[in-house]
Amino acid sequence: MIDLGFDLAGRVDPRMRTGLWQSAVASVAEVATYALAYVVLESVLSGQRVEHIPWIAAGAILLAVLVGWFFKARAGLNNFASTYSLVCDVRMRLLEHLRRLPMGFWASRRAGAVSSMLTDEFALYTEIATHVWGMTIAQATFPAVLLVLLAIVDWRLAIVAAALVPLALRAVPWSHRLLDRASARLAKVHEESVGTLVEYVQGIETLREYGAVGSQHQALEASQRDLEKEMMRTELAPAPAILMYAFLVHFGFALVVAIGGWLVAEDGLSPLTLVLFLVVGLRFFGSLADLSLFLAEARFASRTLRRLRTVVSTEAQHDVEVGNSPVDASLSVSGVRFAYEEGRPVIDGVDAEFRPGTLTALVGPSGSGKTTLAMLLPRLWDADEGTITLGGVDVRDLPLRELQSHISVVFQDVVLFQGTVEENIRLARPGATRAEVVAAAKAARADEFIATLPLGYDTLLGEGAEDLSGGQRQRLSIARALLKDAPILILDEATSAVDPYNERLIQEALARLVKGRTVIVIAHRLATIQHADQILVLDGGRVVERGTHDDLRAEDGLYERLWVRHQEAARWRL
C-alpha cells in the first residue's frame, strides 16, 4: 500500500477516484491495441485470408489509441488537480497546527530544521504525490489487464508468467525497510546540516567581525560532505531489493521461454502461439519492471510523512471556544512552577499580583527566571503547576485570542516581517485605518524616520528589516503595541542596546504606552525602575524579595547587591 499522506488533508477529493478509474480505462485501451495486433499477426502468420482484417484492425487500433489518450489525459488532469489540492490542504493544516503548538515545541528545535521540513522536504513530497501517484496506479493496472490477454492466448503460460510476480513483489516492502532505515539516518544528518547552514548565513556578520569565517566554513563544508555521503547511502540503500525484484521479473520471462519451448516440443503448443505470447509477454514483464521504479520513488515521501505526522501528533496548546470575560486587567500568579523539557524548574512556586494602573519590575541575576515568568502570563508556555488568572479568570479558561487581545509584549529583540512598514505596524490590529497607524507611529516617535523612507509607510521592508537601525525597529514595535492598545503591557527593557538618541525617543514613546495599563517590565538597568510600584526580585526561579526600590535597598539583600553592582558599572570608564 502506497502511503502518500492524504489522511493529513482531512478529506478525500472525488476527482482522485475519477482519475483512478480513468487511468484504469486508459490501461485497458492500451491492452486492447496489443489484443488487436495479436489478432492480425495470428491471421497473417497462420495463412488465413485477411483481405479486410488489417484495415478493420488498424481502424480499431487507432480508435483504442485515441480512447487511451483521452482517458490518460483526463486521468492526468484529475490526478494532478486532486493531489495538488490535497497537498495544499496538508500544508495549510500543518501550518494551522504549528500555530497552535506550545512554545516548547519551537524551543526544542532548530529553526533551520523546521524550515527545511516545510520547504525542501515538503517540495519533494509534493513532487512525488502529484506525479508518481497516478503513474503508479496506471502501471499497476496495465500488467494486470495484460495478464488477462496472456491467459486468453495460453492459460498455462500465463500461470507461469504470473507465478513469480508475488515473490517479486515481496521485494518491494524489503526495499521500503532498507530505505526507511537509511532515511532515518539521513533525516538526522540533513537536519544538522541545514541548521548549520542557516546559523552560518545568519551569523556571517559576526563571523567576519571575529575573523572566524574560515573555521566555521570548514565546519559547514564538513557537514555538507556528511550530508552528501548520507544521501548517496540512502539512494543506494534499496538497491539489493530492487535488483532482486528485477532478477525475479526477468527470470520469469526466461521461465516462460523455457516452458513455452518445452510445450511446443512435447505438448503440441503452436510455435505461432508461443511467438505471439512472447511478444505480448515482453510488454508484460517490462511494465512490471517500470512499476518497481514508481513504487520505490513513492516511498521517498515516507520520510517527510513520518516527520509531518510527528508534528501533527504533537499535542496542541489547550484552547477553549468561549469563556468568562475578565473583570479587569489584573494578573494573579499563585504557586506557579515551570520547567523546560522536564528539566530543573525554572519557575519554582512563584506567587505575585499585578494590579491595573501599576508598574511591576522583574529583576534578578541572569537565569533567575524573569523572562520565563513574563512569558507564562500570555501563555507562550503553560505552567506545569499553579494558576495564573486574568481579571479573576484562569488564563487556560480563556480563548487564546481573547487572552492575547488583553496583552501586548514589546520584546528587546524585535521581529519584523517582509512587507510594508504599514503592514508591520497593522499586524497588531489588522482592521486599523491608515490614520490610526500613523497616529500610533507618531506616538512611538517613529513617524519622523518613516517619512524619510523612499515610499514612507508603503516602503517594503526586507527580511528581518535589516535596512533599519535597532532603534528604528524598536520604535516600530512600540507603534505596533500602541495600535493594539491592550490593557496589559509586558516590556523587555527596550533601550538596553540602543544609542542615547534612540534611547530618549524610545523612553518618550514608552511613557505614552504605559499610561493607565498593567505594566510588567523585565529590568536590566535598575536605574530605570526606581519608581516602580512593585519590584519582584527573582533568584533560582523564586521570588526572594519584593517591595519598592527604597524598601528593598533598606533590606540589604540581593536587590541591594545588584544595585551596588549596577552603580559600579555605571561609573566604569575606559
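Anything mentioned here points back to the structure above.
Described in the following lines is the structure provided in the data block.

Reading guide: rules and limits
- Residues numbered from 1 in each chain as written.
- Predicted model: local features only at pLDDT ≥ 70, side-chain atom pairs only at ≥ 80, totals over all residues.
- Heavy atoms only, no water.
- Pairing = 2+ DSSP bridges.
- Helix = DSSP H or I, 4+ residues; strand = E, 2+ residues; numbered from the N terminus.
- Core = buried A, V, L, I, M, F, W, Y, C linked by side-chain atoms within 4.5 Å.
- Buried < 20%, exposed > 50% of the residue type's maximum accessible area, 1.4 Å probe, protein only.
- Axes fitted to C-alpha atoms, helices over the stretch in contact; angles between N-to-C directions.
- Patch = residues over 30% accessible without salt bridge, like charges linked within 9 Å, V, L, I, M, F, W, Y side chains within 5 Å.
- Areas by Shrake-Rupley, 256 points an atom, 1.4 Å probe, with all protein chains shown as cover.
- Salt bridge = Lys/Arg side-chain N within 4 Å of Asp/Glu carboxyl O.
- Expected span 1.5 Å × (residues − 1).
- Parallel < 35°, antiparallel > 145°, perpendicular 65-115°, else oblique.
- Left-handed = near helix turned anticlockwise from the far one by under 90°.
- Contact = heavy atoms within 4.5 Å.
- Nonpolar A, V, L, I, M, F, W, Y, C, P; charged D, E, K, R; others polar.

## Re the sheet that holds strand β4 (residues 385-390)
In spatial order, the strands read β2-β1-β4-β5; together these four strands make up an open sheet with antiparallel pairing. Single-partner strands in this sheet number two, and they are β2 (345-354) and β5 (393-394).

## Looking at the nonpolar core
Where a protein is soluble and globular, its nonpolar side chains tend to be buried together. Membership of the largest hydrophobic core comes to 41 residues, with the highest contact counts inside it found for Val363, Ile425, Ile450, Leu476, Ile529, Ile535 and Tyr559. For this core, the element with the highest residue contribution is helix α18 (residues 470-484), accounting for six residues. Ranked by size, the runner-up nonpolar core spans 32 residues in total, among them Phe142, Leu146, Leu272 and Leu291.

## Some details on unusual backbone geometry
Phi is positive for Arg445, which is not a glycine, with a value near 60 degrees. Tracing the backbone shows Arg445 in the loop between α16 (434-443) and α17 (447-450). Not every positive phi belongs to a glycine, and Asp485 is a case in point at roughly 55 degrees. Relative to the elements of secondary structure, Asp485 occurs in the loop between α18 and β9 (488-492). Take Asp485: its relative accessible area is 51%, and that puts it in the exposed class.

## Some words on the sheet that holds β9
With respect to topology, six strands assemble into an open sheet ordered β6-β9-β10-β3-β11-β12, the strand pairing being mixed. Each edge of the open sheet is held by one strand with a lone partner, namely β6 (407-410) and β12 (542-547). Across the sheet, the axes of successive neighbouring strands diverge by a mean angle of 20 degrees, strand direction being ignored. Bridge analysis of strand β11 (residues 534-539) against β12 gives five bridges, and the strand direction is antiparallel. Note on β12: the bridge partner recorded for Ile535 is Gly547.

## What to know about a nonpolar patch on the surface
Where nonpolar side chains cluster on the molecular surface, the patch consists of Trp174, Met244, Phe247 and Phe251 and spans about 390 Å² of accessible area. In terms of residue count, helix α10 (residues 239-266) provides more of the nonpolar patch than any other element does, three residues in total. Along the chain, the position of Met244 falls in helix α10. A relative accessible area of 38% means that Met244 is categorised as partly exposed.

## Observations regarding α18
With 15 residues, α18 extends 21 Å from end C-alpha to end C-alpha; this agrees with the ideal 21 Å at 1.5 Å per step. Burial of α18 is extensive: 13 of the 15 residues sit out of reach of the surface.

## A closer look at α16
Listed in full, the buried residues belonging to α16 are Val437, Val438, Ala440, Ala441 and Ala443. Downstream of α16 by a residue or two, Arg445 has a phi angle that is positive, lying close to 60 degrees.

## Digging into the packing of α16 against α18
In contact at an axis separation of 8 Å, α16 and α18 are set at 125 degrees when each is read in the N-to-C sense. Taken as axis vectors, α16 and α18 run oblique relative to one another. Seen from above, α16 lies across α18 with right-handed handedness. Contacts from Glu436, Val437, Ala440, Ala441 and Ala443 in α16 reach Ala479, Leu482 and Leu483 in α18.

## With respect to the environment of Lys72
You can see Lys72 is positioned in helix α2 (residues 53-99). Sequence separation of Lys72 and Ser27 is 45 residues, and the distance between their C-alpha atoms is 8.3 Å. Excluding residues that lie within four positions of it along the chain, Lys72 makes contacts with Ala26 and Glu30.

## A look at the environment of Val312
By the secondary structure assignment, Val312 is in helix α12 (residues 301-313). With 214 residues separating them in the primary sequence, Val312 and Leu98 have C-alpha atoms 8.1 Å apart. Those residues in contact with Val312 that sit more than four places away from it in its chain are Leu8, Leu94 and His97.

## Observations concerning the packing of helix α5 (residues 155-163) against α10
Their axes nearest at 9 Å, the elements α5 and α10 cross at an angle of 155 degrees. Here α5 is positioned roughly antiparallel relative to α10, judged by the angle of their axes. Of the two possible hands of crossing, α5 and α10 adopt the one that is right-handed. Seen from α5, the contacting residues are Arg156, Leu157, Val160 and Ala161; seen from α10, they are Leu255, Val256, Ile259, Gly260 and Leu263. Partitioned by chemical class, the residues of the contact of α5 with α10 number seven nonpolar, one polar and one charged.

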